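Chain residues, written in single-letter form:
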Amino acid sequence: VSQSRYKRELQKYQNTVQLHNSFGWKNDGHSFVIGSTEYYRNADGTVGQREVGVAKLITDKKMEDRVVGKGNMDEWITWTKVFDAPGMEFHQLGLGLAFASPLLKFTGLHGFCVSFVGDSGLGKSLIFDWCNSVWGDPRTLGMKKEDTKLSIVQRMGIMANMPVTLDEMSLAEPEIEGLTYRDWE
């Protein structure tokens, strides 16, 4: 039996596993990968899903465990209604950005930065946690001032079309391992 015939026979019985090294839009915007699941639209308009391979880069960082759906959706919605109160407009904006982030791909923009600044106790960290909770575990998705330049850039590459939050950056050293704040402008 020739090697190519053997491969064809194997392909009949085993689905090919596509390996991804980042999340977000794939196949020219026709499917979306989050964690180890790819979502796509079927011919009848329904949304299908299939398991995909996750590259070692992501596996080493346990990212596929950080971007999985957990918890109770009704409870999440109930708690989110607290943002309907007056004075919570910035919280609403942060949550809206979390949902809108995958749509950025279709605008022609490659990314943008939104800074929430203000006195301690205004809920800036809460905004980031809520933003991260849209896509997974807010305690492990958020990045802090202690994270290195390399880990921040790596996370941005992995998350692709999803938000990356950097909390308490005003408390960080003016230069993060060679990256100055001017580089973010």
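Fair warning: this is a prediction, and the values are worked out from it, not measured in the lab.

A.B. asks: Which residues make up the overall build of the protein chain, and what values go with them?
C.D. replies: Assigned secondary structure in the protein chain consists of eight helices and ten strands. Relative to its full complement of 185 residues, the protein chain shows a buried share of 31%. Taking the contacts inside the protein chain whose residues are at least 6 apart along the sequence as the reference set, 55% of them involve residues at least 24 apart.

A.B. asks: Can you tell me about the pattern of salt bridges, naming the residues and giving the values?
C.D. replies: One pass over the full model with this rule turns up four salt bridges. We note a salt bridge from K144 to D167, for which the minimum N-O separation is 3.5 Å. Of the two residues, K144 sits in strand β7 (residues 143-144) while D167 sits in strand β8 (residues 166-167), which places them 23 residues apart along the sequence. The exposure class of K144 is partly exposed, given its relative accessible area of 40%. D167 gets classed as buried once you look at its relative accessible area, which sits at 7%.

A.B. asks: Please give an account of the nonpolar core that cites residues and values.
C.D. replies: Membership of the largest hydrophobic core comes to 14 residues, with the highest contact counts inside it found for F23, V67, W135, M159 and M162. Listed by contribution, the elements that provide at least two residues to this core are β3 (31-34) and α8 (149-159). For this core, the leading source of residues is β3, giving three residues. Beyond its immediate stretch of four places on either side in the chain, M159 contacts F23, M63, V67, L141 and V164.

A.B. asks: Go over the pairing of β3, please, and point to the residues and values.
C.D. replies: Side chains of β3 alternate between two faces, with S31 and V33 and F32 and I34 buried alike. Sheet topology note: the strand β2 (residues 24-26)/β3 ladder contains three bridges and is antiparallel. Bridge pairing in β3 links K26 to S31. Where β2 hands over to β3, the hairpin turn is made up of four residues, of which N27 adopts a positive phi near 50°. Here four bridges tie β3 to strand β4 (residues 37-41), and the two strands are oriented antiparallel to one another. Counted as the bridge partner of F32 is Y39 from β4.

A.B. asks: Summarise α8; cite the residues concerned and give the values.
C.D. replies: Of the residues making up α8, those classed as buried are I152, R155, I158 and M159. Along the long axis of α8, the arc covered by the buried residues comes to 130°, so they all point the same way. Count one or two residues on from α8 and you reach A160, which has phi positive near 50°.

A.B. asks: With reference to specific residues and values, describe the environment of Q92.
C.D. replies: Among the secondary structure elements, Q92 is positioned in helix α5 (residues 89-100). Residues Q92 and V82, ten residues apart in the sequence, show an inter-C-alpha distance of 9.7 Å. In this view, Q92 contacts F83 and D84; residues no more than four positions away in its chain are not counted.

Cut-offs used in this document
- Each chain has its residues counted from 1, running along the sequence as written.
- With the structure being a predicted model, the display of local features is reserved for residues of pLDDT at least 70 and the display and counting of side-chain atom pairs for 80 or more, all residues being used for whole-chain, interface and lining totals.
- Excluded from the side-chain calculations are hydrogens and water; all other atoms, namely the structure's heavy atoms, are used.
- A run of H or I in DSSP becomes a helix once it reaches four residues, and a run of E becomes a strand once it reaches two; helices and strands are each numbered from the N terminus.
- Classification of residues uses two cut-offs on accessible area relative to the type maximum, computed with a 1.4 Å probe and protein chains only: under 20% is buried, over 50% is exposed, and between them is partly exposed.
- Throughout, a residue-residue contact means that at least one pair of heavy atoms, one from each residue, lies within 4.5 Å.
- By convention in these notes, a salt bridge is any Lys or Arg side-chain nitrogen within 4 Å of a carboxyl oxygen on Asp or Glu.
- Only buried residues count toward a nonpolar core, which is a set of Ala, Val, Leu, Ile, Met, Phe, Trp, Tyr and Cys residues joined through side-chain atoms within 4.5 Å.
- By definition, two strands form a pair when at least two bridges between them are found by DSSP.
- Directions pointing from the helix axis toward each C-beta atom define the arc.

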